[in-house]
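Listed here are the chains, written in short residue letters.
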Amino acid sequence: MENVFKRSVLGVAVAAAAMASMSANAYEIGQNNDFSVEVYGVAAISIVNYDITKNGEDTATGYDYENESRIGFRAGKEMFDNVEVFMQVESGYVGEDGTGGTLGNRDTFLGLKGDWGKVRFGRMLTPMYEVIDWPYANPGLGASWDWGGDVKYNRDRHGDMARYDSPSFGGFNFNLATGRGDKAVEGNNWFGGAAHYSFAEMITLHAAFETESDRQLEEAKAATDGSWSYTDPTDSTKGVWTPGTAAKDAVMADTFGYLVGFEASLPAGFGLSGAYKAGESKVQNGDKSEQASYAVIGQYWNGPWGFKLGYTANLESETAGVKQNDEDSIISGQLMYVKNGFVPYVRVAQRDLKAANDKTGKIDETDIFVVRVGLEYGF
């Protein structure tokens, strides 16, 4: 999973500010035969401290500055009546040394659109992951809800994709997408979709699914020959024999996942959202693993001040019906203030995470107390 590139949006106000910035404040930087180009982006930096205890041992290394600034370009021009060609190229986050900030790291595509909807080809979020990531990963729930699950049954931002987004039909719209999982693996294809329905000017319902065939979990390994090694090259009696290994086929799985969720705008500045997702990964000629998760987020706004409180949990996964003792949970609260498009914020979270250790075969238990202070601005 591309953890370092995950979205870190601050709340409904931040999303609204960013969307407004992208439409109203995006800058036209040039024209080529009437093909207008706009630049947009987010300037975002925070100082964060992770107080980490792993298997009872303090493993914290101190505070860090995390730079999630990014930039993008958009362009479009009518090709035929009711058919506009449009494109987008967006960088990744700057990160520690700028290596993650390459253009094309985030959503980058070419497409066609009209009042019939839009179709895009390139690198984008899958329909299911788009709902996972927003609105349910904020504030700071991603390490469990987003990419922290032990059973992998969906992609996230992915290339080699074709995606269709419908227009709105009286508050209802849908998305469909398909593409290659790993282009180097024959037969590894996925398909997914999502549906959204808004009504009463206060409720939005979401549902999504994703299925994939021939997802490679482990690469094939060639056979190796046994060999001798000697601690003393002059004495052949002090040799150590390392046996060879047999060839091993690739481990392939077929996966399926789904999500249902809601958002509710309540009176007096309150809001509530929640979602449940579950999925399975069936190893071909092997066992089936399953896992479910849920997230609940409440928020309150009073003028420019906002507060969000979220909780998420990955339930214990099961393999061949046996529980794996790998449940996770995160509780996170965030206080923020919106002024002229700037959003300073403070976020505090407690992460209780479990994961299988591939080397020891045991479960690693990690407790992380997170304090983050940051500033974001969309332009």
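What you see is a predicted model, and the numbers here were worked out from it, not measured in a lab.

Attention now moves to the overall build of the chain. Each helix and strand in the chain was counted, giving three helices and 23 strands. Put simply, the chain has 379 residues, and 40% of those count as buried. Counting contacts in the chain only where the partners sit at least 6 residues apart, residues at least 24 apart contribute 57% of the total. Distance from the positive charge centre (33 side chains) to the negative charge centre (53 side chains) of the chain: 1 Å.

Time to look at empty space enclosed by the protein. The full count for this structure, using the stated rule, is two cavities of 30 Å³ or more. Here the largest cavity defines a volume of roughly 120 Å³. In this structure, the largest cavity is lined by 15 residues; those nearest its centre are Asp146, Gly149, Val151, Lys152 and Asn154. At the level of elements, helix 3 (142-146) and strand 17 (288-302) are the ones that each hand at least two residues to the lining of the largest cavity. Here the lining of the largest cavity takes three residues from helix 3, the largest share from any one element. Taken together, the residues of the lining of the largest cavity sort by class into five nonpolar, seven polar and three charged.

With that settled, the discussion passes to the nonpolar core. Among the nonpolar cores identified, the biggest contains 25 residues, and Met128, Ile132, Tyr136, Trp145, Leu259 and Val370 are the most heavily contacted of them. Those elements giving two or more residues to this core turn out to be strand 2 (35-54), helix 2 (127-133), helix 3, strand 17, strand 22 (342-356) and strand 23 (363-378). Here this core gets four residues from one element, more than from any other, and that element is helix 2. For valine 370, the residues in contact, after removing those within four places along its chain, are Val48, Asn49, Tyr50, Arg347, Val348, Ala349 and Arg351. Phe86, Phe109, Met124 and Met161 belong to the second-largest nonpolar core, a separate cluster that totals six residues.

Residue placement: lysine 354 occurs in strand 22. Reaching out from lysine 354, the side chain makes a polar contact with the side chain of glutamate 327 at a distance of 3.2 Å. Leaving out residues up to four positions away in the same chain, lysine 354 has contacts with Asp150, Asn325, Asp326, Glu327, Asp328, Ile363, Asp364 and Glu365.

Here we come to the pattern of salt bridges. As enumerated under the stated definition, the model contains 13 salt bridges in all. Between arginine 372 and glutamate 66 there is a salt bridge, with the nearest N and O atoms lying 2.9 Å from each other. Residue arginine 372 is located in strand 23, and its partner glutamate 66 is located in strand 4 (residues 63-67); the two are separated by 306 residues in the primary sequence. Assessed through its relative accessible area of 7%, arginine 372 is described here as buried. Of the charged contacts in the structure, one is a salt bridge between lysine 354 and glutamate 327, with a shortest N-O distance of 3.2 Å. Residue lysine 354 is found in strand 22, and its partner glutamate 327 is found in the loop between strand 20 (322-323) and strand 21 (328-337); the two are separated by 27 residues along the sequence. Its relative accessible area of 30% is what places glutamate 327 among the partly exposed residues. Here the residues in one salt-bridge network are Arg120, Glu130, Arg163 and Asp165, joined through shared partners.

Before going further, it helps to examine the packing of aromatic side chains. According to the stated counting rule, one finds 15 aromatic pairs in the structure shown. Where phenylalanine 256 meets tyrosine 258, the ring centres are 6.5 Å apart and the plane angle is 35°; that geometry is what we call tilted. Ring geometry for tyrosine 258 versus tyrosine 276: centroids 6.4 Å apart, planes at 50°, classification tilted. Highlighted residues: tyrosine 258 in strand 15 (residues 251-265) and tyrosine 276 in strand 16 (residues 270-283), separated in sequence by 18 residues. On the accessibility criterion, tyrosine 276 (33% relative accessible area) is partly exposed. When the ring centre of tyrosine 40 is taken as origin, the NZ or CZ atom of arginine 74, which lies over that ring, is 3.8 Å away. For the cation-ring pair, lysine 113 lies above phenylalanine 86, with the distance from its terminal atom to the ring centre recorded as 4.8 Å.

Before going further, it helps to examine the side chain of histidine 206. Mapped onto the elements, histidine 206 comes out in strand 12 (residues 203-218). Judged by relative accessible area, histidine 206 falls into the buried class, the value being 11%. Of the polar contacts made by the side chain of histidine 206, one reaches the side chain of glutamate 263; its length is 2.7 Å.

Conventions used here
- Residues numbered from 1 in each chain as written.
- Predicted model: local features only at pLDDT ≥ 70, side-chain atom pairs only at ≥ 80, totals over all residues.
- Heavy atoms only, no water.
- Helix = DSSP H or I, 4+ residues; strand = E, 2+ residues; numbered from the N terminus.
- Buried < 20%, exposed > 50% of the residue type's maximum accessible area, 1.4 Å probe, protein only.
- Contact = heavy atoms within 4.5 Å.
- Lys, Arg positive; Asp, Glu negative; His and termini not counted.
- Charge placed at Lys NZ, Arg CZ, Asp CG, Glu CD.
- 1 Å grid on protein atoms, 1.4 Å probe; cavity = no way out; pocket = protein on both sides within 12 Å on 5 of 7 lines; lining within 4 Å.
- Points joined across faces, edges and corners; volume = space filled by probe spheres on them.
- Nonpolar A, V, L, I, M, F, W, Y, C, P; charged D, E, K, R; others polar.
- Core = buried A, V, L, I, M, F, W, Y, C linked by side-chain atoms within 4.5 Å.
- Polar contact = N/O pair within 3.5 Å; in protein donor to acceptor, adjacent residues only side chain to side chain.
- Salt bridge = Lys/Arg side-chain N within 4 Å of Asp/Glu carboxyl O.
- Phe/Tyr/Trp six-rings, centres within 6.5 Å; stacked < 30°, edge-to-face > 60°.
- Lys NZ or Arg CZ within 6 Å of the ring centre and 35° of its normal.

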